[in-house]
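Topology and contacts: notes
Next come the chains, spelled out residue by residue.
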Amino acid sequence: MESFRQFAAQTVGRFVITYVVVGLLMGILYVLFRSRKIQPNGFKWRQIRTEVLFVALNMLLSGFLLGALAKLLQPYIAFNTEPAGWWVIGLEYIAFFFLFDAYFYWLHRLMHVEPIYTCVHKIHHFSTSPGILTTFSVNPLESLINGGFVPLFTAALTIHKPTMALIGPTVILMGLYVHSGYEFLPRWWNKSWITKWFISATFHDEHHKYFRFNFGGFTTIWDRICGTVRPRYEADFRPPHAATSIEASSETAGSSPA
Ligand SMILES: [Zn+2]
Ligand SMILES: [Zn+2]
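In this report, we go over the structure that sits alongside the text. (Residues numbered from 1 in each chain as written. Chains lettered and ligands numbered in written order. Predicted model: local features only at pLDDT ≥ 70, side-chain atom pairs only at ≥ 80, totals over all residues. Heavy atoms only, no water.)

This paragraph deals with the overall build of the protein. Along its length, the protein carries ten helices and zero strands. Taken from the N to the C terminus, the helices and strands of the protein come in the order α-α-α-α-α-α-α-α-α-α. Scaling as 2.2 N^0.38, a compact globule of 258 residues should have a C-alpha radius of gyration of about 18 Å, and the protein matches this with 19 Å. Here the C-alpha coordinates of the protein stretch approximately 55 × 45 × 40 Å along the principal axes. Within the protein, the fraction of its 258 residues that count as buried is 43%. In the protein, the proportion of contacts linking residues at least 24 apart, taken out of those at least 6 apart, comes to 75%. (Helix = DSSP H or I, 4+ residues; strand = E, 2+ residues; numbered from the N terminus. Rg over C-alpha atoms; globule rule 2.2 N^0.38 Å. Buried < 20%, exposed > 50% of the residue type's maximum accessible area, 1.4 Å probe, protein only. Contact = heavy atoms within 4.5 Å.)

Here is the structure:
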């Protein structure tokens, strides 16, 4: 009974901290960066209410699922404790970055196929205009699929702990940024031959709005190879303080999951 009380108190504590932090971030973005909003008319209270419930469900269950997977893979998970140069950490980080990107792209495309879409991915697509809360508004099974990459990666490759310390913040910050609903990158981002290979908040925002394009999680590489970049992505990229918006597009939005 005591352990249940402890668990309940910890769970409520985590919920409160998450909602307070998310609420603060949303408030700061709304007050300070309104001109950078990707879909200016996308804010809906109904969406916020529903996502609050989905986030609670995800937080409640995904920990158990990911914990079970990590326990299953525990005999294979090991970290290299030898001292390592920055270039070794860099190479390990690059390996994670591009392997996870490929893993995410292909599983994400698979999750858009019925009945997997309805059973697993539909919760995340409740919002056609994502906000920070959307980052965590995910079916616990989808959390297991995406989050499961880290235990799989650390079971397959013996990486150093500093690399591991970079992976968690990368995944969380990238998730928060692409779901923020605000674009902070400059106009040249998707034109430069170096930066155009990396996704932006607009890129993922358009995935939530149009469903059929922009599946990449870190890069646009697989979308470019497979022809799934939204054709008007570059033209509709919303520069800060500009009048153009993907709202103005003539495409039919948010009607089809596939
Ligand atoms: Zn999707
Ligand atoms: Zn999303």
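Ligation of the zinc ion (ligand 1) by protein atoms is provided by His-108 (NE2), His-112 (NE2), His-121 (NE2), His-125 (NE2) and His-207 (NE2), these donors lying 2.1 to 2.2 Å from the ion. Taken in sequence order, the residues that donate to the zinc ion (ligand 1) follow the motif H-x3-H-x8-H-x3-H-x81-H. Taken as a pair, His-112 in the loop between helix 3 (86–111) and helix 4 (116–121) and His-125 in the loop between helix 4 and helix 5 (140–147) lie far apart in primary sequence, 13 residues in all. Per residue, the accessibility class of His-112 equals that of His-125, and both read buried. (Donors = N, O, S within 2.8 Å, 3.2 Å for Na, K, Ca; no water.)

With that out of the way, let us pick up helix 2 (residues 45–73). Taking 1.5 Å per residue as the helical rise, helix 2 with its 29 residues ought to reach 42 Å, and the 41 Å between its terminal C-alpha atoms agrees with that figure. At Leu-61, helix 2 shows its largest bend, some 30°. (Expected span 1.5 Å × (residues − 1). Bend = angle between axes of the 7 residues up to and from the residue.)

Turning our attention to the packing of aromatic side chains. Inspection of every chain in the model, using the stated rule, returns 24 aromatic pairs. Ring geometry for Phe-96 versus Phe-149: centroids 5.8 Å apart, planes at 55°, classification tilted. You can see Phe-96 sitting in helix 3 and its partner Phe-149 sitting in helix 6 (residues 149–156), a full 53 residues away along the chain. Of the two residues, Phe-96 and Phe-149, neither departs from the other in class, the shared state being buried. Here the aromatic rings of Phe-203 and Tyr-233 are separated by 5.2 Å at their centres, their planes lie at 80°, and the arrangement is edge-to-face. With Phe-203 in helix 8 (residues 201–210) and Tyr-233 in helix 10 (residues 233–236), this pair connects stretches of sequence that are 30 residues apart. (Phe/Tyr/Trp six-rings, centres within 6.5 Å; stacked < 30°, edge-to-face > 60°.)

Turning our attention to the coordination of the zinc ion (ligand 2). Surrounding the zinc ion (ligand 2) are the protein donor atoms His-124 (NE2), His-179 (NE2), His-204 (NE2) and His-208 (NE2), which sit 2.0 to 2.1 Å from the metal. Of note, the zinc ion (ligand 2) draws all its donor residues from one chain, in the sequence arrangement H-x54-H-x24-H-x3-H. Taken together, the positions of His-204 and His-208, both in helix 8 and four residues apart, correspond to about one turn of that helix. Across this residue pair, the class does not change: His-204 and His-208 are buried.

Below, the discussion takes up unusual backbone geometry. For the bond running from Glu-114 to Pro-115, omega is 0°, close enough to zero to count as cis. Of note, Phe-211 is a non-glycine position whose phi angle comes to about 65°, a positive value. Of the residues examined, Phe-211 reaches a relative accessible area of 5% and is grouped as buried. If you check the backbone angles, Asn-214 has positive phi at about 60° while not being a glycine. Residue Asn-214 is classed as buried on the basis of its relative accessible area of 0%.

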